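So you can see what is in the structure, the chains are spelled out below.
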Amino acid sequence: MTPDWISGLLGGALLGAASGLLLLGSGRIAGISGIAGGLIEDLMRGLPGGAAGRRLTAENALFLLGLLLAPALYFGLGGVKEIGVEADAPTLIVSGLLVGFGARLGSGCTSGHGVCGAARLSRRSLAAMGVFMGAAIATVALGRLV
Amino acid sequence: MRRLLSFATGLVFGLGLLISDMADPSRVLGFLDVLAIPEGGWDPTLIFVMAGAMSVSAAAWALARPRRAALFGGPMPGPARPRIDARLIGGSALFGVGWGLSGICPGAGLAALGVGGAPIALFLAAMVAGMALFALVERSLARGRASA
């Protein structure tokens, strides 16, 4: 298998650029689980009052909208993409529940702890990254045996 | 400006996931599958993605450190909290198991919805439910503490 290291580095640089620009421009951490979870909690308790609360809700929704619309930009630029989902439906459900609950309990996921937190050498983020990478590698390894 | 920046950075973040191919769960699983190393089938791409992301992100943090306020208004994040607690470790472990089961993390799932169709939508619905469940548990624990 060819390691696609050029597109990996380029795509990675875009991830870093997006989170860096959000940090410098708005002072916010581009953690996807934090942004999505924050929006979900806003919707659950009824939209927050106050200009600051409403502004944050709108920003979270717009960030997620941009993320959802990224394939349109990618195909517009001439990209070609097919993705492979190997997991069956019950596995996808368990996986989604664990990812959603775990990322909120652990205050972040691959983006918040990985791209943002680890890059500022946050002890918490480095620890979180070690734990979730280890758990994910162990899960894949166990899956081979089943 | 902050709203426009939020939308634009979401878009670029998703583009990064698509260009690096990390929106594709099979590529992520190919990296996590370290037992494939002796067989020669291991996919190291995620390392390059993280290297690209961390170097640009670290440069942004270096620029951010002396700033008191964000360019378009609002405070900068405070210093990173140092305390590693059971919530951080337990939550990250649950997250890691979930991530290893499918190869999908929150950002990749959202960026892949327009490409991946029903399986991705199912994952995202469960992820939203997991986040909502967490919020409900948090709230009832907070109520319990308040009434105790």
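Computed from a predicted structure; not experimentally measured.

Criteria and thresholds
- Residues numbered from 1 in each chain as written.
- Chains lettered and ligands numbered in written order.
- Predicted model: local features only at pLDDT ≥ 70, side-chain atom pairs only at ≥ 80, totals over all residues.
- Helix = DSSP H or I, 4+ residues; strand = E, 2+ residues; numbered from the N terminus.
- Expected span 1.5 Å × (residues − 1).
- Buried ≥ 20, exposed ≤ 12 C-beta atoms within 10 Å, placed from the backbone.
- Contact = placed C-beta atoms within 7 Å.
- Axes fitted to C-alpha atoms, helices over the stretch in contact; angles between N-to-C directions.
- Parallel < 35°, antiparallel > 145°, perpendicular 65-115°, else oblique.
- Left-handed = near helix turned anticlockwise from the far one by under 90°.
- Nonpolar A, V, L, I, M, F, W, Y, C, P; charged D, E, K, R; others polar.
- pLDDT = per-residue confidence, 0-100.

Asks: I'm lost on helix H1 (residues 5-26) of chain A in this one. Help?
Replies: Each α-helix turn comprises 3.6 residues. Residues three or four places apart therefore point the same way. All names here are of chain A. Given a rise of 1.5 Å per residue, 22 residues ought to cover 32 Å, and the 31 Å separating the end C-alpha atoms of H1 matches this to within 8%. Along H1, 16 of the 22 residues are buried, which leaves the element largely enclosed by surrounding structure. Note on H1: the residue one or two positions beyond its end, glycine 27, has a positive phi of about 70°.

Asks: How should I be thinking about helix H3 (residues 51-76) of chain A in this particular structure?
Replies: Here H3(A) spans 36 Å end to end across 26 residues, near enough to the 38 Å set by a 1.5 Å rise per residue. Where H3(A) is concerned, the buried positions are Leu56(A), Glu59(A), Asn60(A), Leu62(A), Phe63(A), Leu64(A), Gly66(A), Leu67(A), Ala70(A), Pro71(A) and Tyr74(A). Where H3(A) is buried, its residues touch helix H2 (32-44) of chain A together with helix H1 (2-19) and helix H5 (106-116) of chain B. Directly beyond the C-terminal end of H3(A), a positive phi value near 95° is found at Gly78(A).

Asks: Would you explain the packing of H2(A) against H3(A) in this entry?
Replies: When two helices pack together, their arrangement is given by the angle between the helix axes and the distance between those axes. All names here are of chain A. Contact pair H2 / H3: the axes reach a minimum separation of 9 Å and the direction vectors enclose 130°. Judged by the angle between their axes, H2 and H3 are oblique. As H2 runs across H3, the sense of the crossing is left-handed. Here H2 contributes Ile35, Ala36, Gly38, Leu39 and Asp42 to the contact with H3, which in turn contributes Thr57, Asn60, Ala61, Phe63 and Leu64. Looking at the contact of H2 with H3 residue by residue, the class counts come to six nonpolar, three polar and one charged.

Asks: For this particular structure, what's the right way to read the interface of chain A and chain B?
Replies: Reports of interface size often rely on the accessible area that becomes lost once the parts have come together. Counting residues at the interface gives 100 residues for chain A and 103 residues for chain B. At the level of secondary structure, the elements contributing two or more residues to the side of chain A that touches chain B comprise H1, H2, H3, helix H4 (89-105), helix H5 (110-117) and helix H6 (123-145) of chain A. Considering every element that reaches the side of chain A that touches chain B, the biggest residue donor is H1(A), with 21 residues.

Asks: Explanation requested: unusual backbone geometry in the structure shown.
Replies: Of all residues except glycine, most have a negative phi; of all peptide bonds, most are trans. Its identity as a non-glycine residue notwithstanding, Ser107(A) has a phi of 60°, on the positive side. Take Ser107(A): there are 22 C-beta atoms within 10 Å of it, and that puts it in the buried class.

Asks: It is not clear to me how the confidence of the model for chain A should be interpreted in this structure. Could you clarify?
Replies: When pLDDT drops low, the exact placement of atoms in the prediction is not to be read closely. Residues of chain A with pLDDT of at least 70 account for 98%, and the chain-wide mean is 93. No element of chain A has a lower mean pLDDT than H5(A), which averages 92, and none a higher one than H4(A), which averages 98.

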